[in-house]
Amino acid sequence: MSSATTFALVRHGQTDWNAAMRIQGRSDIPLNDTGRGQAVAAVGALSPYDWDFLVSSPLSRAAETADLIAEGLGLTVTQRIPSLGERDYGLAEGLGAGAELEALREPGGPTGNGGFRGAETEGDVADRGVGALRMLALDYPGARIIVVSHGTLIRLSLMRVLDRPIPTIANAALTVAQSGPAGWTLDVLNGEVLEPVR
C-alpha cells in the first residue's frame, strides 16, 4: 500500500443561497434539487477511482451530498468532522454583493479578498482544513478518502499546502490531492486533470 493518502475533495452541491449568490458560511442551508442532481452526477466522476470511505462536514448541504455519493458508490460515510465546516462569515452570512456587505469588508489574507468584520480569518480556516486532512492522513496512511466539504475551506486548505493560487471550487466538482512523505500534490482540480509539476 502506498504511504500517500489520496483525497477527493468535493464541494457540496448547490443550495438556493448559492444560486442567489448569498454568503452561506456556517448557516445550515440545505441542498436544492439542482444540488442533489450535482451530487448524484459526482458519482460518475468518482467511480473510475477506488475509494475506501467518505467523511464530510456536519453541515446538512455537505452531509447530504456525501450521503448521495456514498449511496451511488456503495460506500460508507464514516465521520462528520466539525473542522471541515465552512468558514464562519459572521455578520456577512446571508448577504449578497452590495453596500451592506462592503461595509463589513476588511483587507488582507492570502487570497487578497480579506474577510468581514467578526468573521473567521482565512488563516484560521486554512489551519482547520489542513489540520483535518493531516489527521486523516495520519490515521489512514495510504487510504483513498472522499472528503465532502465547502468551497472556501477546500480552496484555502489547498492554497496553504501547495503554496499556490487556487480558483473558486465548483459545486460537486472533483478535486484530487495527495499527501505523502514528499509533500502534497494536486492531480485534478475542478474536474480537470493537471499536468505534473516538475
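Residues numbered from 1 in each chain as written. Predicted model: local features only at pLDDT ≥ 70, side-chain atom pairs only at ≥ 80, totals over all residues. Heavy atoms only, no water.

Asker: I'd like a description of the packing of helix α5 (residues 122–139) against helix α6 (residues 151–162), backed by residues and values.
Answerer: α6 packs onto α5 with a crossing angle of 80° between their chain directions and a minimal axis gap of 8 Å. Classed by the angle they form, the pair α5 and α6 counts as roughly perpendicular. Contacts from Glu122, Gly123, Val125, Ala126, Asp127, Arg128, Gly129, Val130 and Arg134 of α5 reach α6 at Leu153, Leu156, Ser157, Arg160 and Val161. Here the contact of α5 with α6 is composed, by residue class, of six nonpolar, three polar and five charged. (Axes fitted to C-alpha atoms, helices over the stretch in contact; angles between N-to-C directions. Helix = DSSP H or I, 4+ residues; strand = E, 2+ residues; numbered from the N terminus. Parallel < 35°, antiparallel > 145°, perpendicular 65-115°, else oblique. Contact = heavy atoms within 4.5 Å. Nonpolar A, V, L, I, M, F, W, Y, C, P; charged D, E, K, R; others polar.)

Asker: Please provide a residue-by-residue account of the packing of aromatic side chains, values included.
Answerer: Under the criterion given, the structure shown has four aromatic pairs. When the ring of phenylalanine 53 is compared with that of tyrosine 140, the centres are 4.9 Å apart and the planes differ by 65°; the resulting orientation is edge-to-face. Placement of the pair is phenylalanine 53 in strand β2 (residues 53–56) and tyrosine 140 in the loop between α5 and β6 (144–149), with a sequence separation of 87 residues. For tyrosine 140, a relative accessible area of 31% puts it in the partly exposed group. (Phe/Tyr/Trp six-rings, centres within 6.5 Å; stacked < 30°, edge-to-face > 60°. Buried < 20%, exposed > 50% of the residue type's maximum accessible area, 1.4 Å probe, protein only.)

Asker: Tell me about unusual backbone geometry, and name the residues and values.
Answerer: Positive phi outside glycine occurs at aspartate 163, with the angle close to 55°. Positive phi values are uncommon outside glycine, yet alanine 172 reaches one of about 60°. Position of alanine 172 among the secondary structure elements: in the loop between α6 and β7 (174–180).

Asker: So what's going on with the pairing of β7? Which residues, and what values?
Answerer: Of all seven residues making up β7, five are buried, and the element is well covered by its neighbours. Bridge analysis of strand β1 (residues 5–11) against β7 gives six bridges, and the strand direction is antiparallel. Directly across from leucine 9, in β7, lies its bridge partner threonine 175. Bridge count for β7 against strand β8 (residues 183–189) is five bridges, and the pairing is antiparallel. (Pairing = 2+ DSSP bridges.)

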